[in-house]
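Descriptive analysis of the structure
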Amino acid sequence: MPDSSDDSSSVNSSSSSSSEERRSSEQPASKKAKLSQPTRGPLELAPAVISSDEQRKSSHASNQKIIVLLDQARLETVKNRRNIFELLNCDDHRELCKKKLKRDPKEFRPDICHQELLALIDSPLNKSGHLQVYIRTSNKVLIEVHPSIRIPRTYKRFSGLIVQLLHKMKIKAGTSSTTLMKVIKNPFSQHLPPGTRVYGMSCEGQMYSPFGLANSLIPSDPSTQLPPVCFVIGAMASGHVTVEDHPYIEKMIGVSEYPLSGAAAISRILGGIEHHWGIV
């Protein structure tokens, strides 16, 4: 006589397997398709990043440079009532500007230079080794900025840094001998490599989109040995860059039909160049 327990176990196993098959067959077709399809990558892949530090340093040494001059920056020092030097600005020294200097306080906007420096130094173009920044103040003081500097985030710290620079003529890194900012000799043109093409930024210049500007004025390959391109951008509260101040300017250009802040114009210019060179 056969064992009833064996028959029941075989029936249970067969029924469970058949139920599993039914559940798998009853799954929606869309779910099966999702499970069977491989995961897709992003729509646009970033270019490969150089992993070796030595290769990155060697590539930076031969990189095509974009030179930016921040022109007419209002960076002047003044001694306060406690005999401490401060950066002259329209918020803290309004009465001093009106009564003693007999000038409009609205002209003294060192925060514009601060905002523009943050946009330049924090950009991927600078971090990839393709940017060189200079500052020319309203008093004709010419300043060279090292690409590795970290601009202070707050205006108060930035003000202290500029006061120290204008009095000591240079700022060195605390952990190394690298000179992060220094006052250099005029004129600015003597610091430009031979053959540099210089363009002034103005809302009255010839209009380009950011991508159109990069395609028209910037070499397609950042590793070429062609002369660099220089942009002269205003760092003042009002007015714009003029050819009279910079006779070596080849053409006046703009990146928007609307008046933009210096930091906004810089972001548009650098964004177009970064896209043109595949810098992410």
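Residues numbered from 1 in each chain as written. Predicted model: local features only at pLDDT ≥ 70, side-chain atom pairs only at ≥ 80, totals over all residues. Heavy atoms only, no water.

Note: α-helices contain 3.6 residues per turn, so residues at a spacing of three or four share the same orientation. A rise of 1.5 Å per residue sets the reference length of helix α5 (residues 110-121), with its twelve residues, at 16 Å; its end C-alpha atoms lie 17 Å apart and thus fit the reference within 8%. Residues of α5 that are buried: Pro-110, Ile-112, Cys-113, His-114, Glu-116, Leu-117, Leu-118, Leu-120 and Ile-121. (Helix = DSSP H or I, 4+ residues; strand = E, 2+ residues; numbered from the N terminus. Expected span 1.5 Å × (residues − 1). Buried < 20%, exposed > 50% of the residue type's maximum accessible area, 1.4 Å probe, protein only.)

Under the counting rule described, the total for this entry stands at seven salt bridges. Because the salt bridges share partners, they merge into one network encompassing Arg-74, Glu-76 and Glu-107. (Salt bridge = Lys/Arg side-chain N within 4 Å of Asp/Glu carboxyl O.)

On to the sheet that holds strand β8 (residues 197-207). The strand order β6-β7-β5-β4-β1-β9-β8-β10 describes an open sheet built from eight strands, whose pairing is mixed. Strands with a single pairing partner mark the edges of an open sheet, and in this sheet they are β6 (170-172) and β10 (251-254). Each strand of the sheet is rotated relative to its neighbour by a mean of 25 degrees, with strand direction disregarded. Sheet strands touched by helix α9 (residues 262-277): β1 (66-73), β8 and β9 (229-234). Its angle to β9, the strand with the most contacts, is close to 160 degrees. (Pairing = 2+ DSSP bridges. Axes fitted to C-alpha atoms, helices over the stretch in contact; angles between N-to-C directions. Contact = heavy atoms within 4.5 Å.)

Below, the discussion takes up the environment of Gly-234. Structurally, the position occupied by Gly-234 is in strand β9. Once you skip the residues sitting within four places of it in the chain, Gly-234 turns out to touch Asp-71, Glu-116 and Val-241.

What follows is about the side chain of Ser-202. For Ser-202, the position within the fold is in strand β8. When near neighbours in sequence (up to four residues on either side) are disregarded, Ser-202 contacts His-240, Met-252, Ile-253 and Gly-254.

Bringing the packing of aromatic side chains into the picture now. A full pass over the atoms with the stated rule returns three aromatic pairs. Between the aromatic rings of Phe-188 and Tyr-248, the centroid separation amounts to 6.2 Å while the plane-to-plane angle is 50 degrees, which identifies the pairing as tilted. Here Phe-188, found in the loop between β7 (179-184) and β8, pairs with Tyr-248, found in the loop between β9 and β10; they are 60 residues apart in sequence, far enough to count as distant. Residue class for Phe-188 comes out buried when judged on its relative accessible area of 2%. For Tyr-248, a relative accessible area of 28% corresponds to the partly exposed category. Through a chain of ring-to-ring contacts, the aromatic side chains of Tyr-134, Phe-188 and Tyr-248 assemble into a single cluster. (Phe/Tyr/Trp six-rings, centres within 6.5 Å; stacked < 30°, edge-to-face > 60°.)

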